[in-house]
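Residues per chain, in single letters:
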Amino acid sequence: MKTLKLIFAVAVVFGFQNLSAQDNNDTNEASHSLTVDVPEVAIIDIFDAATGTEAGPITMNMDNVTKVANNNSEAGLYAFGDERYSSLYLNYTSVVGAAGTTFDQTRTIDVKLENGSELPGSVDFVITPSAAAIDPMGGDASSRGTIKPAAKFGVTTPINTSVVLVENIKSIYSGDGAKGVQLEYSLEQNGNFSAYQADTYTASVLYTISDL
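One structure accompanies this document, and this report is about it. Within each chain, residues carry numbers counting from 1 in the order of the written sequence. Owing to the predicted nature of the model, reporting of local features is limited to residues with pLDDT of at least 70; listing and counting of side-chain atom pairs is limited to 80 or more, with chain, interface and lining totals taken over all residues. Excluding hydrogens and water, the side-chain figures rest on all heavy atoms present in the structure.

A few points about the overall build of the protein chain
Phase 1: Each helix and strand counted, the protein chain has 2 helices and 11 strands in total.
Phase 2: Secondary structure elements are defined from DSSP: runs of H or I of at least 4 residues count as helices, runs of E of at least 2 residues count as strands, and each element is numbered from the N terminus. Put simply, the protein chain runs from its N terminus to its C terminus through helices and strands in the order α-β-β-β-β-β-α-β-β-β-β-β-β.
Phase 3: Burial analysis of the protein chain (212 residues in total) assigns 28% to the buried set.
Phase 4: Only heavy atoms matter for contacts: two residues are in contact if any of them lie within 4.5 Å across the pair. Here the analysis covers contacts within the protein chain between residues at least 6 apart in sequence; of these, 79% occur between residues at least 24 apart. Only protein chains enter the accessibility calculation, which uses a 1.4 Å probe; a residue whose area is less than 20% of its type maximum is buried, one above 50% is exposed, and one in between is partly exposed.

See the structure below:
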C-alpha cells in the first residue's frame, strides 16, 4: 500500500510541473519577433555580347584602320577611330544603406590599366561608357548612378591610375547580359605619329566597384 501512495504522489507532482510550464494566458492573437538582416552588396562583371559569355581576351586589330571601301588599303591614311569594340556591358549589383547608418550610401565604379600594361606610343586607349537597358524591377535612372565621360589611358592618364566611370550608385541590380552600362573600346592618337611603332602590346583592364 505504501508503494502505491508513493507512485501516486510522484505522478501528481509531475502533472503540476507540466501545467505550470504553460502561461495559460492564450487569447485569439499570438505574436513573435522577426529580424530581416540585409547585408551590403557590391559585385560586378563584364558581359561580352559578341561571345555571349563574360569578357575574355579582346584584340584590337589595327590592320583595319588603313582600310577603306571594298577592303582596299589607302596610302596616307591611319584612322584610329575606325577600330572599335562595342560589345561589352558592365553588369552590377549594389545594396547600400539608408542615410544616417554606418553603411555606404552610394558607390562608384572605376577602371584602370594595371601595372605592367603596355600601349603604343602617342596613343590613348579610350573606354566610353553609355547607358544601356536595366532590369525594369532592378532600379531606375537615379539608382543606376551617373555615367561619366570617356576614360583615356596612355598619354592622358598614366598606367595604374583609376578613373571613375559611374558614380552615385545606389541600390540596384542592372540585369544580366546586355544590361547596365555599355562599354566601347577604341584607340585615339594623342601625340606625334613618329612614336607609334609596330609591335604586340598587352594590357590588363581592371574594373572595381567601391567595396563594403
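Next, the rest of the story.
Focus on the sheet that holds strand β6 (residues 146-147)
Phase 1: Being paired, for any two strands, means DSSP has found at least two bridges between them. Spatially, 4 strands are ordered β6-β8-β4-β11 in an open sheet, and the strand pairing comes out antiparallel. Each having just a single partner strand, β6 and β11 (205-209) make up the two edges of the open sheet.
Phase 2: Across 2 bridges, the pairing between β6 and strand β8 (residues 163-169) is antiparallel. Of the residues in β8, the one forming a bridge with T146 is E167.

Quick notes on the packing of aromatic side chains
Phase 1: Only Phe, Tyr and Trp rings are paired, with Trp represented by its six-membered ring, and only when their centres lie within 6.5 Å; those with planes under 30 degrees apart are stacked, over 60 edge-to-face, the remainder tilted. All chains considered together, the criterion is met by 7 aromatic pairs.
Phase 2: Ring centres 5.0 Å apart and planes at 75° place the aromatic pair F125 and Y185 in the edge-to-face group. In this pair, F125 is assigned in strand β5 (residues 123-131) and Y185 in strand β10 (residues 181-189), connecting sequence segments 60 residues apart. Taken as a pair, F125 and Y185 share a single burial class, namely buried.
Phase 3: In this structure an aromatic cluster arises from ring pairing among Y78, F80, F193 and Y196.

Some words on the nonpolar core
Phase 1: The definition of a nonpolar core used throughout is a set of buried Ala, Val, Leu, Ile, Met, Phe, Trp, Tyr and Cys residues joined through side-chain atoms within 4.5 Å. If you look at the biggest cluster of nonpolar residues, it comprises 30 residues, and the most contacted ones within it are Y92, I127, F153, L165, L183, Y185 and Y207.
Phase 2: Taken together, the elements giving at least two residues each to this core come down to β1 (41-48), β3 (84-95), β4 (107-113), β5, β7 (151-153), β8, β10 and β11.
Phase 3: Discounting chain neighbours no more than four positions away, the residues touching Y185 are I58, M60, E83, R84, Y85, L88, F125, V126, I127, V205 and Y207.

Some thoughts on the pairing of β1
Phase 1: One ladder, built from 8 bridges, connects β1 with β3; its direction is antiparallel. Residue pairing in the sheet places D48 in a bridge with L88 of β3.
Phase 2: Where β1 meets strand β2 (residues 53-54), 2 bridges bridge the pair, whose relative direction is antiparallel. Across the sheet, F47 pairs through a bridge with E54, a residue of β2.
Phase 3: Between the antiparallel neighbours β1 and β2 lie 4 residues, among them G52 with a positive phi of about 75°.

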